[in-house]
Amino acid sequence: MIIYIFAILLVIAFLLFILSFFLKDPYRSLKDEIDQLSIQHVKETYQIKKKLKLLEEELLIDEIKLPNDTGLSRPKKKEVHDIIKNQVLLLHKQGLSTEQIAKQSSLLEDEVLAIITASQLKGEKV
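Presented here is a report on the structure given in the accompanying data block. The structure presented is a predicted model; accordingly, all values stated were derived computationally and were not measured.

1. Overview of the nonpolar core
Residues Val80, Val88, Leu89, Leu91, Ile101, Ala102, Leu107, Val112, Ile115 and Ile116 constitute the largest nonpolar core, which totals ten residues. Broken down by secondary-structure element, the contributors of at least two residues to this core are helix 3 (82-93), helix 4 (98-105) and helix 5 (109-121). Contacts of Ile115, omitting those with residues within four sequence positions, involve Val80, Lys85, Val88, Leu89 and Leu107.

So this is what it looks like as structure tokens:
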């Protein structure tokens, strides 16, 4: 009796195993959709980086435009954003040197000193 039950269960297991090869994977479409979204995300990121690089180049070219009457280039003085100013002041409060602050904030040391001095003149605690 046990042998018959064991044989029947073995046959059922074998049939289910073979049937599993012919059934559609329910997660296949989900995997494909995730792959498509990942590819689309990578493409969009690449396009954004490419456009950003072009904009940065255009801004750099605009800053170094040559005047028509002289052969010298005069870069425009760039305006430092308030967020960068706050970062500079915070780093200064932490005790970093102007050279270290300039490296971290991508500014010149003169600009860092100007920000700190302007803050001190306004009466802010630095």
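2. Here's the deal with the pattern of salt bridges
Using the criterion set out here, one finds one salt bridge in the structure. The partner of Lys103 in a salt bridge is Glu99, and the shortest N-O contact between them spans 3.7 Å. Placement of both Lys103 and Glu99 in helix 4 is noted, with a separation of four residues, approximately one turn of the helix. Lys103 gets classed as exposed once you look at its relative accessible area, which sits at 64%. Relative accessible area serves as the criterion here: at 43%, Glu99 is assigned to the partly exposed category.

3. Focus: a nonpolar patch on the surface
Residues Met1, Tyr4, Ile5, Ile8, Leu9, Ile12, Leu16, Leu19 and Leu23 make up a contiguous nonpolar surface patch of roughly 1,000 Å² in combined accessible area. Structurally, Ile8 is set in helix 1 (residues 2-22).

4. Regarding the packing of helix 4 against helix 5
Any two packed helices are characterised by how steeply their axes cross, that is the angle between the axes, and by the distance between the axes. Remark: helix 4 packs on helix 5, axes separated minimally by 9 Å, with the N-to-C direction vectors making an angle of 105 degrees. By the criterion of interaxial angle, the relationship of helix 4 to helix 5 is roughly perpendicular. Contacts from Thr98, Glu99, Ile101, Ala102 and Ser105 of helix 4 reach helix 5 at Glu109, Val112, Leu113 and Ile116. In terms of residue class, the contact of helix 4 with helix 5 is built from five nonpolar, two polar and two charged.

5. Structural notes on unusual backbone geometry
Of note in the backbone geometry, Ser106 takes a positive phi value of approximately 60 degrees without being a glycine. The topology assignment puts Ser106 in the loop between helix 4 and helix 5.

6. Examining the packing of aromatic side chains
Applying the stated criterion to the full structure yields one aromatic pair. Their ring planes at 85 degrees and their centres at 5.1 Å tell us that Phe17 and Phe21 sit as a pair that is edge-to-face. One end of the pair, Phe17, and the other, Phe21, are both in helix 1, four residues apart, so they sit about a helical turn from each other.

7. Structural notes on the packing of helix 3 against helix 4
At a minimum axis distance of 10 Å, the contact between helix 3 and helix 4 shows a crossing angle of 145 degrees. The element helix 3 and its partner helix 4 pack so that their crossing is right-handed. Of the residues in helix 4, those touching helix 3 at Ile84, Gln87, Val88, Leu91 and His92 are Ile101, Gln104 and Ser105. Split by residue class, the contact of helix 3 with helix 4 holds four nonpolar, four polar and no charged.

8. Describing helix 5
When the terminal C-alpha atoms of helix 5 are compared, their 18 Å separation across 13 residues agrees well with the 18 Å that a helix rising 1.5 Å per residue should span. Positive backbone phi, at 90 degrees, marks Gly123, one or two positions downstream of helix 5.

The rules behind the values
Residues numbered from 1 in each chain as written. Predicted model: local features only at pLDDT ≥ 70, side-chain atom pairs only at ≥ 80, totals over all residues. Heavy atoms only, no water. Core = buried A, V, L, I, M, F, W, Y, C linked by side-chain atoms within 4.5 Å. Buried < 20%, exposed > 50% of the residue type's maximum accessible area, 1.4 Å probe, protein only. Helix = DSSP H or I, 4+ residues; strand = E, 2+ residues; numbered from the N terminus. Contact = heavy atoms within 4.5 Å. Salt bridge = Lys/Arg side-chain N within 4 Å of Asp/Glu carboxyl O. Patch = residues over 30% accessible without salt bridge, like charges linked within 9 Å, V, L, I, M, F, W, Y side chains within 5 Å. Areas by Shrake-Rupley, 256 points an atom, 1.4 Å probe, with all protein chains shown as cover. Axes fitted to C-alpha atoms, helices over the stretch in contact; angles between N-to-C directions. Parallel < 35°, antiparallel > 145°, perpendicular 65-115°, else oblique. Nonpolar A, V, L, I, M, F, W, Y, C, P; charged D, E, K, R; others polar. Phe/Tyr/Trp six-rings, centres within 6.5 Å; stacked < 30°, edge-to-face > 60°. Left-handed = near helix turned anticlockwise from the far one by under 90°. Expected span 1.5 Å × (residues − 1).

Purely geometric stuff here, so don't read any function into it on its own.
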